[in-house]
Amino acid sequence: MEEKNEQNELALQFRTLYQHHILVEFDMSGKILNASPAFLKLMSYSLSDLMSKNYRLFVPQEQKFLPEVMEFWNNLKEKEYEQGEFLRVTKNNEKVWLLETYHVLRNSEGTPYKIIELALNISDKKQIEQQNIEQLDILKLQENILKRTINRVKEVQKHAEITEINLQHIVDNTPIVIFSLNQKGIYTTMRGKGLEGIAMKEDDFVGKSVYDLPNFREDMLEKFSQAFKGEKIFTVDNYENGTSYEYCLIPHFNFNKEQIGVIGFAIDISSHTKAEQEIIRKNKELEETLKKLKNTQMQLVQSEKMSSLGQLTAGIAHEINNPMNFVYAGSQALQSSIIDLTEVIDAYEALDQIENMEDFKDKIQKIKALKKMLDFDMVKDDIKVLSKDIHEGAVRTVEIVKNLRTFSRLDEDVLKSVDLHENIDSTLVILRSQYTDRIEIIKDYAELPRIECIAGQMNQVFMNILSNAIEHMIGKGTIRIKTSLNEESMLVIAIKDTGKGMTEEVKQHIFEPFFTTKAVGKGTGLGLSISHSIVEKHKGKIWVETEIDKGTEVFVVLPVFQDDF
């Protein structure tokens, strides 16, 4: 009885936890089984949105393929408990910080069967931490300015005697201004070569109020007011003539700790400001250069497309030519046989006009002679054979047109749900003229889900890979195309040939633009580079494994869905 009460109490506690806390249940592969209302509200999903989706749905895009993220779930299976702070992404693409605790549930045999995640929203805490970091950066910047000023003073003290004459000499020959003001805001001293930057002299300041100077803006006056109230101020002021000064305003106290004014340092940083402006100018130039490079890239991509189009046209012409020859030759022979058949039929129809039996018998004899002369039985057999050949040619042409329709999407730029096997098959049809009677194609297709992709671009990837495999195989050989679904529920397409392979040096460069091992004029060197860009654009991966004289295998891994294409 007590054990039952304890179970009821635990069930009640779990329901309470489920209703009021952020909670998610996963199976051991990382797929979502259930989620609490608090979690659904926080992440802006409905429960139906999440069923059977992978935990990496909530991982920011820039982190999804990090090794530690890819291996997290496998490592979790070996533990009882794991906790950490993680950045997650909601359905609305908003980022939240969660303190996540993972509990691995095991059956009586010790086998893990479910993982429960409890989470706490710590976004506010993280925001405060970030604000503290930013504030600390500001304080460090202020400290650095003060240190630089103090270091300059120390340099003066190190290299000259601390006398009014020597100090005046140093101040007059460095781009620095040292000044002091009393508590009423009246300048009492103003020294430094830095005054040359604003074309003013000591007499223009001493004895005058900072609030009466015509070239001081309201924001700078506000900084001085803060210094008179006891604050230490660091700021930068820019003048209309392009001169910039970095200011340090320090409250000045007497021995009774009463503020009697402000001591200030101003350093001419115009050269640094000009350097920054030069950097901005160069950045603009680089942006223009980048635009030109992008335009050039578009032209090169178009050139590669035209190259693919040339292969496509040649393949179509060869493929359609064979069945059309069947239709053309068969139709001519069929026409001749039909003429012979019609002649016999006309002779039989003429019997209806005969009334005399003797004439009828005579006509029958003539018809028999005609049939013998025309080899009538042979004509009937020819008509059957020719009709079958014409039908097969028409069916073959329809099949080619169907595959052409699947393949010819090079300019589509819209995500669609497609069967990649159809895309691969259509590409093979286009290339068939290049490998027929020489290369055996072995298809090892697994049962795959439909995939979100730009179909025309994926066709271009398959054409580039298969074309390379065909061109680099001397004599007879095989190409094996294997598809599968890996542990992360991503599609894997492996295309392996029995060609001559490649060296490690060549392998390192195959995805670089313009790199080619073909003779001059035989290739642009852009095929695999463009394929690499297309696969990356689809958030996938492409790589090559090869060995000299043992062939090459190209792997393409693609996600089933494109969350934010």
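Being a predicted model, the structure only gives us computed values, none of them experimental.

**Q** How do you make sense of the overall build of the protein chain when you look at a structure like this?
**A** Each helix and strand in the protein chain was counted, giving 14 helices and 17 strands. With 565 residues in all, the protein chain has 35% of them scored as buried. Of the accessible surface of the protein chain, which amounts to about 34400 Å², a share of 54% is contributed by carbon and sulfur atoms.

**Q** Could you clarify how one ought to interpret helix α12 (residues 455-471) in this entry?
**A** What sets the pattern is the α-helix's 3.6 residues per turn: residues three or four places apart point alike. Given a rise of 1.5 Å per residue, 17 residues ought to cover 24 Å, and the 24 Å separating the end C-alpha atoms of α12 matches this to within 8%. With respect to burial, α12 is a largely interior element, 15 of its 17 residues being buried.

**Q** So what exactly am I meant to see when it comes to the packing of helix α11 (residues 420-435) against α12 here?
**A** Relative orientation and spacing of two packed helices are given, respectively, by the angle between their axes and the distance between those axes. For the pair α11 and α12, the least separation of the axes is 9 Å and the interaxial angle reads 40 degrees. Relative to α12, the element α11 lies oblique. Considering the relative orientation of α11 and α12, their crossing is right-handed. Listed contacts from α12 to L420, N423, I424, S426, T427, L428, I430, L431, Q434 and Y435 of α11 are A455, M458, N459, F462, M463, L466, S467 and I470.

**Q** Just checking my understanding: could you explain unusual backbone geometry for this structure?
**A** A negative phi angle characterises most non-glycine residues, just as the trans form characterises most peptide bonds. For N93, which is not glycine, the phi torsion reads 65 degrees and is therefore positive. Note that N93 resides in the loop between β3 (81-89) and β4 (95-106). The class for N93 is exposed, based on a relative accessible area of 59%. In this model, K257 sits at a positive phi of 60 degrees, which is unusual for a non-glycine residue. Note that K257 resides in the loop between β9 (244-253) and β10 (259-268).

**Q** What's the story with the packing of aromatic side chains in this structure? I'm lost.
**A** Working definition: an aromatic ring pair is given by the centre-to-centre distance plus the angle between the planes. In the structure shown here, the tally under the stated rule is five aromatic pairs. Taking the centre distance of 5.3 Å and the plane angle of 80 degrees together, the rings of F39 and F58 count as edge-to-face. Here F39, found in helix α2 (residues 37-43), pairs with F58, found in the loop between α3 (47-50) and α4 (67-77); they are 19 residues apart in sequence, far enough to count as distant. Its relative accessible area of 5% is what places F58 among the buried residues. Seen in terms of ring centroids, Y45 and F58 are 5.9 Å apart; in terms of plane orientation they differ by 75 degrees. Their pairing is edge-to-face. Here the residue Y45 occupies a position in the loop between α2 and α3, and F58 occupies one in the loop between α3 and α4, the gap between them amounting to 13 residues.

**Q** Sorry, what's going on with the nonpolar core here?
**A** In this structure, L420, M458, I465, I479, I493 and L558 are the most contacted members of the largest nonpolar core, which totals 38 residues. Those elements that place two or more of their residues in this core are α11, β13 (451-453), α12, β14 (477-485), β15 (491-497), α14 (527-537), β16 (541-547) and β17 (551-558). Looking at this core element by element, the count peaks at nine residues for α12. Contact partners of I465, with chain neighbours within four places excluded, come to I495, L528, I542, V554 and V556.

**Q** Explanation requested: the pairing of strand β1 (residues 22-26) in the structure shown.
**A** The side chains of a regular strand alternate, residue by residue, between the two faces of the sheet. Counting buried positions over the five residues of β1 gives five, a clear majority of the element. Burial along β1 is two-sided: the face carrying I22, V24 and F26 and the face carrying L23 and E25 are both buried. With three bridges connecting them, β1 and strand β2 (residues 32-35) associate as antiparallel partners. Looking at the pairing, E25 lines up with N34 of β2. The hairpin formed by β1 and β2 contains five residues between the paired strands, and G30 there has a positive phi angle of roughly 95 degrees.

**Q** How should I be thinking about the sheet that holds strand β8 (residues 233-238) in this particular structure?
**A** The strands that make up a sheet pair up through hydrogen bonds in the backbone, lying either parallel or antiparallel. Taking strand neighbours across the sheet as the criterion, the five strands line up as β7-β6-β10-β9-β8 in an open arrangement whose pairing is antiparallel. The strands lining the two open edges of the sheet, one partner per strand, are β7 (187-191) and β8. Averaged over all pairs of adjacent strands, the angle between their axes in this sheet comes to 20 degrees, without regard to strand direction. Note: β8 against β9, six bridges, orientation antiparallel.

About the criteria used
- Residues numbered from 1 in each chain as written.
- Predicted model: local features only at pLDDT ≥ 70, side-chain atom pairs only at ≥ 80, totals over all residues.
- Heavy atoms only, no water.
- Helix = DSSP H or I, 4+ residues; strand = E, 2+ residues; numbered from the N terminus.
- Buried < 20%, exposed > 50% of the residue type's maximum accessible area, 1.4 Å probe, protein only.
- Areas by Shrake-Rupley, 256 points an atom, 1.4 Å probe, with all protein chains shown as cover.
- Expected span 1.5 Å × (residues − 1).
- Axes fitted to C-alpha atoms, helices over the stretch in contact; angles between N-to-C directions.
- Parallel < 35°, antiparallel > 145°, perpendicular 65-115°, else oblique.
- Left-handed = near helix turned anticlockwise from the far one by under 90°.
- Contact = heavy atoms within 4.5 Å.
- Phe/Tyr/Trp six-rings, centres within 6.5 Å; stacked < 30°, edge-to-face > 60°.
- Core = buried A, V, L, I, M, F, W, Y, C linked by side-chain atoms within 4.5 Å.
- Pairing = 2+ DSSP bridges.

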